[in-house]
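Fold and geometry: a report
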Amino acid sequence: MLTDSEATSGPPSKRKKRSAIWSYFSRSSVGNETKIVCLSCPRQFSAASATSTLIRHAKTHGFFFAERQSTLTPGLTLGKERSNPSEAFHDRGLKDLCRWIVDSGIPFSTVENDQFKRFMATVNGSISVPSRFTVQRYICKERDDLQLRVQDLLRASTTRIALTTDAWSSRVFRGYIVISAHWIHDEWNPRLCILTFERFPSPHTGRAFSDLLLRAIADWKLTDRLQGVTTDNGSDICAGIRLFHEELMLNDCHLQQLSSFHFRCIAHVINLAVKDCLEIVAEKVGNIRCLISAIRSSVKRRDEFGLAKVELGMANASLPGIDVPTRWSSIYEILEKAYKFRKFLNAVVNRTKDLRWYDVSEAEWESCRRISEFLELAACVTESQSGCLYITLSFTELAYKKLMAKSRALVENNDSLLGAISSTMLKKLEAYESLVCSDMCKLCRALDLRFCHDPISDGPILRRYILIPPQSPSSTNPSCNESSLLSQLITDNEPSLYCNSDEIEGYLRATISGDISVDPLLWWKMNTKRFPNIARFARNLLSVQSSSVASESAFSTSGALVTPSRAGLGDESIEACMLVKSWMNLLEKN
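Structural notes, computed from the coordinates. Every value quoted in this text rests on a predicted model; they were computed, and no experiment measured them.

Quick word on the overall build of the chain
The number of helices and strands found in the chain is 23 helices and eight strands. By the burial criterion, 48% of the 590 residues in the chain qualify as buried. Long-range pairs, those at least 24 residues apart, make up 68% of the contacts in the chain with a sequence separation of at least 6. In the form shown here, the chain has an accessible surface area of approximately 28,800 Å², with 52% of it arising from carbon and sulfur atoms.

Encoded structure:
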């Protein structure tokens, strides 16, 4: 084996040039043969191996360098301590390249595109573009590195964590599950990230859901820090949450009862109610939906719609969309927009002979208007309750009961058109009322400064869940009322909390008049020292979500990732891309 001094000895003009790859390999005698040995792993190569073979192996370790031959630089080191500036640049460039690929959702094979390589060569000819396999491995490595940072971030936070979870099937019919975490940062800013996104093979039983949740929170060390879980109303996932709660209670995790721990997604309940209603009015709006579908399916008919817009003086009008089976609000949007642009749709029917079968009468248009107005409130409630980065639980009960009141009023008025669908919606909403409108909704509203607080109505619920009796003289430990939710939230590593009656009375006096323009999180940040115990409780509870939209959003992102052209993307790659993207966004905010 040549030493550095031997390799560089002789007149400078005749210095022997060697590939930089030899910084990562050495020649050693193995038995009676000479082998080339990798300095980063036990892999051995034949002494006659070409440098291109060694270069390919070095790239598996994340080492990148100029492909052209160069003199060996004495003192060149490996890993992060390499002294070669260009190699350090390649390491940073690889990290940024992989993050760009994850954030934009483009295929890994982009790096092997000839035009991309030509572009990179134009930017810096010394850059060695990695292969798609290297990109895939680096993204998985980045996932492991970011997970450690997110764990440190969660460990440093003193608040409890609320979860949302849901299951999903990809385009190639592979099942996945996502678990998202929600909490309020020490500076009273809401935070959100994905904890787990992984393959979830069938059968999707309650026990399977429970086991996966238990493993996930154990991996993240959140067993004693859960505030609640929000899910949809699927029977399997609800059974899973019940088993999950029972296991946590057996482990003495200081949790509240199941009704105050498991929160049902209000958007999913409304979805179920509206779907039942649409089955009743399908015939009344079926002709309009068929007309829109027929126009959208033909280029000629689309052009006729465009001409009608110009002739009627509204060039910015747009053609209504099509139904999305998993998104009921698309029906409302179709009907609302169809009625608004009914003149253009009628003009297209009059211009096109084969659309005469879809001629919509004035009575049908009137039914369209009234049904869309009936669905408008449900759409508004769904939209307002679907946020992830602001407080939603405090409005859940009021919005839900307002929707019930509107349905009940139409039933009592014996409306000939809307009476049947109002009765159907009211029946469904009443069935889920006790699950959606729990005491936690009332308590959350009492902690939201946008509402007026009445000592008579809000005082009892605050005292019931927050008030802890003072320490008795005969007891060495603080006595806790078993009905107090706050006492159940005290964990072994947290100091005991006391909230006396004076603090509650002072809070109610200070918030007797609500202000819708007030940011409740900002108010609590400014008044934490004034009401320290109530503030701590509010920080835990206000992070709970009224819907599982965060998990649904993750599936929308993964759906854009697993396109038909990328149907062969492996489970590990999908998981790594989803987690890296979520954790990058979280850490950028911190």
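Considering the pairing of strand 1 (residues 25-30)
The pairing of strand 1 with strand 2 (residues 33-38) spans six bridges and is classified as antiparallel. Within the sheet, the bridge partner assigned to Ser 28 lies in strand 2 and is Lys 35.

A few points about the packing of aromatic side chains
Per the counting criterion, the structure on display carries 16 aromatic pairs. Seen from their ring centres, Phe 341 and Phe 344 are 5.7 Å apart, and the 45 degrees between their planes marks the pair as tilted. Phe 344 carries the same exposure label as Phe 341, and that label is buried. Ring pairing ties together the aromatic residues Trp 188, Tyr 507, Trp 523, Trp 524 and Phe 531, which thus form one cluster.

Concerning the pairing of strand 4 (residues 161-169)
The two faces of a sheet get side chains in turn, since along a regular strand they alternate between them. Counting buried positions along strand 4 yields seven of nine residues, so the element is predominantly enclosed. One ladder, built from four bridges, connects strand 4 with strand 7 (residues 226-231); its direction is parallel. Opposite Ala 162, over in strand 7, you have Gly 228 as the bridge partner. With eight bridges joining them, strand 4 and strand 5 (residues 175-184) adopt antiparallel strand pairing. Residue pairing for strand 5: Trp 168 is matched across the bridge by Tyr 176.

Observations regarding the pattern of salt bridges
If you walk through the whole model with that rule in mind, you get 23 salt bridges. Residue Asp 571 is joined to Arg 199 by a salt bridge in which the shortest nitrogen-to-oxygen separation is 3.3 Å. One end of the pair, Asp 571, is in helix 23 (residues 571-589); the other, Arg 199, is in strand 6 (residues 190-199), and 372 residues separate them in sequence. The exposure class of Asp 571 is partly exposed, given its relative accessible area of 28%. Given the relative accessible area of 34%, Arg 199 is considered partly exposed. Among the charged side chains, a salt-bridge network with shared partners connects Glu 397, Lys 401, Lys 442 and Arg 445.

Some thoughts on the sheet that holds strand 7
The sheet built from five strands is open, its strands ordered 6-5-4-7-8 with mixed pairing. Each having just a single partner strand, strand 6 and strand 8 (262-264) make up the two edges of the open sheet. This sheet shows a mean twist of 25 degrees between the axes of neighbouring strands, independent of strand direction. Looking at chain direction, strand 5 and strand 6 are connected through nine bridges and run antiparallel.

Regarding the nonpolar core
By size, the foremost hydrophobic cluster in this structure holds 64 residues, and its most contacted members are Leu 163, Phe 197 and Leu 226. A per-element tally of this core places helix 23 first, with 10 residues. If you look at the next biggest cluster of nonpolar residues, it comprises 52 residues, including Leu 278, Ile 331, Ile 334 and Val 360.

Remarks on helix 14 (residues 393-412)
Over its 20 residues, helix 14 runs 30 Å from end to end, which matches the ideal 28 Å to within 8%, given 1.5 Å per residue. Inspection of helix 14 places Leu 393, Ser 394, Thr 396, Glu 397, Ala 399, Tyr 400, Leu 403, Met 404, Ser 407 and Leu 410 among the buried residues, and these make up the whole buried set. At its buried positions, helix 14 is contacted by strand 8, helix 8 (266-280), helix 13 (362-384), helix 15 (419-436) and helix 16 (439-446). Within two residues after helix 14, Asn 414 carries a phi angle of roughly 50 degrees, on the positive side.

Comments concerning the sheet that holds strand 2
One open sheet holds the three strands; their spatial order is 1-2-3, and the pairing between them is antiparallel. Each edge of the sheet is formed by a strand with only one pairing partner; in this case those strands are strand 1 and strand 3 (44-46). Averaged over all adjacent pairs, the angle separating strand axes in this sheet is 40 degrees, with direction ignored. Pairing analysis gives three bridges linking strand 2 to strand 3, with the strands arranged antiparallel. Residue pairing across strands places Lys 35 opposite Ser 46, the latter belonging to strand 3.

Some words on the packing of helix 10 (residues 299-311) against helix 12 (residues 342-351)
Orientation of helix 10 relative to helix 12, taken along the N-to-C sense of each, is 125 degrees, at an axis distance of 9 Å. Judged by the angle between their axes, helix 10 and helix 12 are oblique. Seen from above, helix 10 lies across helix 12 with right-handed handedness. For the pair helix 10 and helix 12, the contacting residues are Arg 301, Glu 304, Phe 305, Leu 307, Ala 308, Lys 309 and Glu 311 in the first and Phe 344, Leu 345, Ala 347, Val 348 and Arg 351 in the second. Of the residues contributing to the contact of helix 10 with helix 12, the split by class is seven nonpolar, no polar and five charged.

Some remarks on the packing of helix 13 against helix 14
Running from N to C, helix 13 and helix 14 cross one another at 170 degrees; their axes reach a closest spacing of 10 Å. Compared by their axis directions, helix 13 and helix 14 come out roughly antiparallel. Between helix 13, through Glu 373, Phe 374, Leu 377, Ala 378 and Val 381, and helix 14, the contact on the second element is made entirely by Ala 399, Lys 402, Leu 403, Lys 406, Ser 407 and Leu 410. Residues that form the contact of helix 13 with helix 14 fall into these classes: seven nonpolar, one polar and three charged.

Thresholds, definitions, all that
Residues numbered from 1 in each chain as written. Predicted model: local features only at pLDDT ≥ 70, side-chain atom pairs only at ≥ 80, totals over all residues. Heavy atoms only, no water. Helix = DSSP H or I, 4+ residues; strand = E, 2+ residues; numbered from the N terminus. Buried < 20%, exposed > 50% of the residue type's maximum accessible area, 1.4 Å probe, protein only. Contact = heavy atoms within 4.5 Å. Areas by Shrake-Rupley, 256 points an atom, 1.4 Å probe, with all protein chains shown as cover. Pairing = 2+ DSSP bridges. Phe/Tyr/Trp six-rings, centres within 6.5 Å; stacked < 30°, edge-to-face > 60°. Salt bridge = Lys/Arg side-chain N within 4 Å of Asp/Glu carboxyl O. Axes fitted to C-alpha atoms, helices over the stretch in contact; angles between N-to-C directions. Core = buried A, V, L, I, M, F, W, Y, C linked by side-chain atoms within 4.5 Å. Expected span 1.5 Å × (residues − 1). Parallel < 35°, antiparallel > 145°, perpendicular 65-115°, else oblique. Left-handed = near helix turned anticlockwise from the far one by under 90°. Nonpolar A, V, L, I, M, F, W, Y, C, P; charged D, E, K, R; others polar.

Read these as geometric descriptors, not functional statements.
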